[in-house]
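In case you want the letters, here they are:
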Amino acid sequence: MSTLDGRVAIVTGAGRGLGRSHALLLAREGARVVVNDVGGSADGSGADVLPAQSVVDEITAEGGVAVANHDDISTFEGAGRLVQQALDEFGGLHVLVNNAGILRDNFFHRMTEADWDSVIAVHLKGHFGVLRHAVTYWHGEAKAGRQVAASVINTTSASGTYVVLPGQTNYGAAKSAIASLSIIAANELGRIGVRVNAIAPGARTRMTESTPGAIGERMRAVVPEGELDEYSPDNVSPLVAHLAAADCTVTGRVLAVRGGEIREVLPWSLAEDRLTSDANWDVATVAARLDEALTRSSASPSATGEKAS
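To start, this report covers the structure provided alongside it. (Residues numbered from 1 in each chain as written. Predicted model: local features only at pLDDT ≥ 70, side-chain atom pairs only at ≥ 80, totals over all residues. Heavy atoms only, no water.)

1. Quick word on helix H3 (residues 76-90)
Next, step 1: If you check H3, its first and last C-alpha atoms are 22 Å apart, about what 15 residues at 1.5 Å a residue would give, namely 21 Å.
Next, step 2: Those residues of H3 that fall on the buried side of the exposure criterion are Gly-78, Ala-79, Gly-80, Leu-82, Val-83, Gln-85, Ala-86, Leu-87 and Phe-90.
Next, step 3: The inward-facing, buried residues of H3 contact strand E1 (8-11), strand E2 (32-36), strand E3 (65-69) and helix H4 (113-143).
Next, step 4: The first or second residue beyond H3 is Gly-91, which carries a positive phi of 80°. (Helix = DSSP H or I, 4+ residues; strand = E, 2+ residues; numbered from the N terminus. Expected span 1.5 Å × (residues − 1). Buried < 20%, exposed > 50% of the residue type's maximum accessible area, 1.4 Å probe, protein only. Contact = heavy atoms within 4.5 Å.)

2. Section: the sheet that holds E1
Neighbouring strands of a sheet are bound in pairs by backbone hydrogen bonds; such pairs are parallel or else antiparallel.
Next, step 1: In spatial order, the strands read E3-E2-E1-E4-E5-E6-E7-E8; together these eight strands make up an open sheet with mixed pairing. The sheet is open, and its two edges are formed by E3 and strand E8 (261-264), each paired on a single side. Taken over all neighbouring pairs, the strand axes of this sheet differ in orientation by 20° on average, direction set aside.
Next, step 2: Sheet topology note: the strand E6 (residues 194-201)/strand E7 (residues 254-258) ladder contains four bridges and is parallel. Considered in E7, the bridge of Ala-200 is made with Ala-256.
Next, step 3: Its contacts with the sheet put helix H1 (residues 17-28) on E1, E2, strand E4 (95-97) and E6, and the angle it makes with E1 is roughly 170°.
Next, step 4: Sitting on the sheet, H4 is in contact with E4, strand E5 (150-155) and E6, with an inclination near 175° to E5. (Pairing = 2+ DSSP bridges. Axes fitted to C-alpha atoms, helices over the stretch in contact; angles between N-to-C directions.)

3. Remarks on the pairing of E5
Next, step 1: Of all six residues in E5, six are buried, a share of seventy percent or more.
Next, step 2: Because side chains alternate across E5, one face comprises the buried residues Ala-150, Val-152 and Asn-154, and the other comprises Ser-151, Ile-153 and Thr-155, equally buried.
Next, step 3: Two elements, E4 and E5, share three bridges in a ladder whose sense is parallel. Directly across from Leu-96, in E5, lies its bridge partner Val-152.
Next, step 4: Regarding the hand of the β-α-β motif, the stretch spanning E4, H4 and E5 is right-handed.
Next, step 5: In this region the chain leaves E5, passes through helix H5 (residues 169-189) and returns to the parallel neighbour E6; the handedness of that crossover is right-handed. (Right-handed = clockwise from strand over helix to strand, strands pointing away.)

4. Some points on the nonpolar core
Next, step 1: Formed by 35 residues in total, the largest nonpolar core has its most connected members in Ile-10, Leu-93, Leu-96, Trp-138 and Val-194.
Next, step 2: Contributing elements (two or more residues each) for this core: E1, H3, H4, E5, H5 and E6.
Next, step 3: Beyond its immediate sequence surroundings of up to four residues, Ile-10 is in contact with Val-34, Leu-82, Val-83, Ala-86, Leu-93, Val-95, Leu-96 and Val-97. (Core = buried A, V, L, I, M, F, W, Y, C linked by side-chain atoms within 4.5 Å.)

Shape descriptors only; they carry no functional weight alone.
Structure, rendered in structure tokens:
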């Protein structure tokens, strides 16, 4: 018996890259999969039904069960139609993998309102919208006395959590918010049987290969046959499949994953060093002591590393 037999899964942004890898592995593990993708470019423009349908064809050719969905999850209505399709086609929903994303990088002084809004809409609102509609279904199931053993896997990134990448204020802000959303939602939804986790994947995708500088070069590098491919999307999906399983107990975690390594990403925390005073703060006291505290704590995030998804 496969680990996901009997479970119904939605994977957003599943027409290419990480999402495709997730959908294929979930299906191989026995899940019936709704493959969502609008088929747009990396910056979110355009649409094409072929990417989602191609993944469905791959799954069915291997003996799995899948259907395509082309709704735009950046709209609340589109997110709702996606969830409803899973319920109509397969009679339930057990796994939600929020993976869809776009990039519109720009240095802050050149970033437009459209750059900001589109990235926040697809990443952050897209995560919220599909999850919100899924929770409506799961909450109804729990109220009716039916057991819910659901799993949500959200997609955050190194960018915005533990790596600083100039030009990605929109993307990093969305991904940082997704990490927080995941932790808070896990706390809220556990009582009805829903686990929520997030992954920060290090993988070769359209977006990471187009990143300027060393990161893009690393992603585009040819891996000699037989060697570990650290950045293959196929090295991320096994964690997703495990988190999707009904008997998995992990929840409320953010996990950085790539070939050869899985590490927990810890949330914001207070530094050990602190300034204390028995008197009310005044400007002179803060000015005299703040630099010392910041130097001791060295709490600024790294400006190196790889962007994940």
